[in-house]
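# Overview (structure and organization)
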Amino acid sequence: MEEGAKNKKTVFVGGISDDTDESVLYESFSTFGDIIEVQIPPPANQHHHNNTGNEPKHRGFAFVTYSSSADAQDAIDNMDLNELKGRVLKVNLARPMKTVIGMSGAGGNRAIWENEEWLKEHVKPLAEAGGVQARFNKDSESAEPEDKNKSDEDDAMEE
């Protein structure tokens, strides 16, 4: 299945309560069509904690993928700004994650120049790139002959 076609069948469900799980979403959203998948992403920092029960179970949003884009649109039309378990939901078409070329996984939020592979591939040392250091060196080289000529003129004037 093409990525674009899948995204038109997947809805973003924001604002879900902590006690909402996949089965609650499946039950609530299945009235609008055949559901292929329900995903609730875990908290971003879940791998750092032991499950003590104090951490949130999810990040407060989910994705519901339908078998047809018409079913997804029906879910959006009927569930957006509707209430589920005491929370008002925000439901719209899911958009693909914005990723930076060359970045993967959790590093997608970092600036591209923070990636060592990108730097090695795209950045030259300043002297080679014609940056400030290269200009400084060029100015220094052109200043030497000028100073030499000036000192020769000064010597000639003194004689």
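Details of the structure are given in the entry above.
Residues numbered from 1 in each chain as written. Predicted model: local features only at pLDDT ≥ 70, side-chain atom pairs only at ≥ 80, totals over all residues. Heavy atoms only, no water.

Strand order in this open sheet of four strands is β2-β3-β1-β6, and the pairing throughout is antiparallel. What marks the edges here is a single partner per strand, and that holds for β2 (35-39) and β6 (90-93). Neighbour to neighbour, the strand axes of the sheet diverge by 20° on average, direction disregarded. Both strand β1 (residues 10-14) and strand β3 (residues 61-66) contribute to a ladder of five bridges, which runs antiparallel. When the sheet's bridge partners are listed, Val11 is paired in β3 with Val64. (Pairing = 2+ DSSP bridges. Helix = DSSP H or I, 4+ residues; strand = E, 2+ residues; numbered from the N terminus. Axes fitted to C-alpha atoms, helices over the stretch in contact; angles between N-to-C directions.)

In this section: unusual backbone geometry. Of note in this structure, Leu81 is not a glycine but carries a positive phi near 65°. Along the chain, Leu81 turns up in the loop between α3 (69-79) and β4 (83-84). The class of Leu81 is exposed, set by a relative accessible area of 62%. Backbone geometry places Lys85, a non-glycine residue, at a positive phi of 55°. Within the secondary structure layout, Lys85 lies in the loop between β4 and β5 (87-88). (Buried < 20%, exposed > 50% of the residue type's maximum accessible area, 1.4 Å probe, protein only.)

As a further point, take helix α2 (residues 22-29). Residues of α2 that are buried: Val24, Leu25 and Phe29. Along the axis of α2, the buried residues cluster in a sector spanning 110°; they form a single face. On its buried side, α2 packs onto β1, β2, β3, α3, β4 and β6. (Arc of directions from axis to C-beta. Contact = heavy atoms within 4.5 Å.)

When you tally the buried positions in β3, you get five out of six residues, the bulk of the element. Sheet topology places β2 next to β3; four bridges connect them, and they run antiparallel. Along β3, the bridge assignment pairs Val38 with Val64.

Attention now moves to the packing of aromatic side chains. In total, this model carries three aromatic pairs according to the counting rule given. With 5.7 Å between their ring centres and 80° between their planes, Phe61 and Phe63 make a pair best called edge-to-face. Looking at Phe63, the relative accessible area reads 22%, which means it is partly exposed. (Phe/Tyr/Trp six-rings, centres within 6.5 Å; stacked < 30°, edge-to-face > 60°.)

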